[in-house]
Amino acid sequence: MADKIKTTRTKELEFGGSIGALLMLIFLPGTVLYLLLTCNTADASVFQVPGPLPPLETLWNPFALTLLLGWMSLQAVLYMLPMGTIAEGITLRDNSRLRYKINAFYAFLVSAVLAGVAVTLRVPLSYVYDHFLEFAVASGIISLALSIFLYIKSLAAPESALAPGGNSGNPLYDFFIGHELNPRIGSFDLKYFCELRPGLIGWCLINLCFLMKDIELRGSASLSMILVCGFQGLYVMDALWHEEAILTTMDIVHDGFGFMLAFGDLCWVPFTYSLQAYFLVRHPQELSTLAAIGIVLLNAVGYIIFRGANSQKNAFRRNPSDPSVTGLETIPTATGKKLLVSGWWGLVRHPNYLGDLIMALAWSLPCGLGHILPYFYVIYFTGLLIHREARDEHQCLKKYGLAWQEYCKRVPYRIFPYIY
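Below or above, wherever it landed, is the structure these notes cover. Everything numeric here is computed off the predicted structure, so don't read it as measured data. (Residues numbered from 1 in each chain as written. Predicted model: local features only at pLDDT ≥ 70, side-chain atom pairs only at ≥ 80, totals over all residues. Heavy atoms only, no water.)

1. A closer look at helix H11 (residues 275–282)
Thought 1: With seven of its eight residues buried, H11 lies for the most part within the structure.
Thought 2: All of the buried residues along H11 are Leu275, Gln276, Ala277, Tyr278, Phe279, Leu280 and Val281. (Buried < 20%, exposed > 50% of the residue type's maximum accessible area, 1.4 Å probe, protein only. Helix = DSSP H or I, 4+ residues; strand = E, 2+ residues; numbered from the N terminus.)

Laid out in structure tokens, this is it:
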């Protein structure tokens, strides 16, 4: 049955089509290297080319590659363990629904215990800081190898299994954007596994390694470092605790699994999202108690908006009759579903993005105002969410038609109230 289902070729190519995909294959790894090299310079200026560049042979570290593969293997074992619950994804084009193991938070707890044991045994976690560039290169190699495997695997996949946005017929574009929607080896879902576990939990472990390097250099961790690690740790734990919510995101529902997501999950996230902590090791910042309290309050505001909006949306999707959302105003659509038009979703069309960006600013402020480098995440994330919001708008307009147009009239601002 599934083999007889035919999908049309992808007509709307994103990121500038095949030329844009080729440029992104170069630009994304290049940006990671540029940021890390810049962070290691005395002035950490993004407006000066860092130099001298390290010899290529010094970027290759087999031990770093081995450690990364060991980390991914550990997370894969934790993923497969019989713990947690099982959830079903959305209905696919062949009317099937994939089953997903929900146990990422347990994997985080086990990883945290192992990290605690390593600290107690005085394992030199600062090694990660000292060889961070080599770890980034190794992660990029793993991402590329996985992407090649995914594309080759996708060539044998049935038409019904291909991603709606990654079936252009252009090998370069489909390799980048992802040709197969939900590539699996048996019941092991490769995209779902990479989305939250190795990179996201690894982000916290990397921050811990930087914190230990801070202690090694100065005798104790700075308040700035503690805030950055604490804020980002809370963010990761929240994502893992609400793991099931990811099953309705664009990454899982629409995007194929190719280089874009593989590199993003395994290299971009852990090696650029940890940039504030990496910066603070080389460029420590003094932070007053009053400033720290203000930053904590700002992060709390962002988190309340982010979590409130996401929880409201998830509760409504699971059960529109849930007492927490029954009083909210809705707009009926031709698909039979309803659109929330009050609560957090009556403030702006993407209140979760607004909360996300407020938290991103709070993560960067402990690094002071003297450098733009620690604010890379805020700048990049703003562009990413504006682009993602445009993709969401396009998909929702196609799906809900007049109902979406009515929603946009009722809620005119996309992310920032009275601004955008």
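2. Overview of the packing of helix H3 (residues 104–120) against helix H7 (residues 190–218)
Thought 1: It is at 11 Å that the axes of H3 and H7 come closest, and there the two elements cross at 25°. By the criterion of interaxial angle, the relationship of H3 to H7 is roughly parallel. Crossing of H3 over H7 shows right-handed handedness. Facing Ala104, Ala107, Phe108, Ser111, Ala115 and Val119 of H3, the residues of H7 in contact are Arg197, Ile201, Cys204, Leu205, Leu208 and Met212.
Thought 2: Of the residues in the contact of H3 with H7, the class split is 10 nonpolar, one polar and one charged. (Axes fitted to C-alpha atoms, helices over the stretch in contact; angles between N-to-C directions. Parallel < 35°, antiparallel > 145°, perpendicular 65-115°, else oblique. Left-handed = near helix turned anticlockwise from the far one by under 90°. Contact = heavy atoms within 4.5 Å. Nonpolar A, V, L, I, M, F, W, Y, C, P; charged D, E, K, R; others polar.)

3. Regarding empty space enclosed by the protein
Thought 1: Applying the stated criterion across every chain, the model contains one cavity of 30 Å³ or more.
Thought 2: When its volume is computed, the largest cavity comes out at roughly 60 Å³.
Thought 3: Lining the largest cavity are Gly89, Ile90, Leu92, Leu98, Tyr100, Asn182, Leu247, Ile252 and Val253.
Thought 4: Across the lining of the largest cavity, the residue classes tally to seven nonpolar, two polar and no charged. (1 Å grid on protein atoms, 1.4 Å probe; cavity = no way out; pocket = protein on both sides within 12 Å on 5 of 7 lines; lining within 4 Å. Points joined across faces, edges and corners; volume = space filled by probe spheres on them.)

4. As for the pattern of salt bridges
Thought 1: Applying the stated rule across the entire model yields 11 salt bridges.
Thought 2: The residue Glu329 makes a salt bridge to Arg410 at a minimum N-O spacing of 2.5 Å. Separated by 81 residues along the polypeptide, Glu329 in the loop between helix H12 (289–318) and strand S5 (330–332) and Arg410 in helix H15 (residues 402–410) bring together distant segments of the chain.
Thought 3: Judged by its relative accessible area of 41%, Glu329 falls in the partly exposed class.
Thought 4: Its relative accessible area of 38% is what places Arg410 among the partly exposed residues.
Thought 5: One salt bridge connects Glu389 with Arg414, and the closest N-O pair in it is separated by 2.7 Å. Residue Glu389 is found in helix H14 (residues 376–400), and its partner Arg414 is found in the segment after H15; the two are separated by 25 residues along the sequence.
Thought 6: Overall, Arg414 belongs to the partly exposed group, its relative accessible area being 28%.
Thought 7: Through salt bridges with shared partners, a single network forms among Asp130, Lys213 and Glu216. (Salt bridge = Lys/Arg side-chain N within 4 Å of Asp/Glu carboxyl O.)

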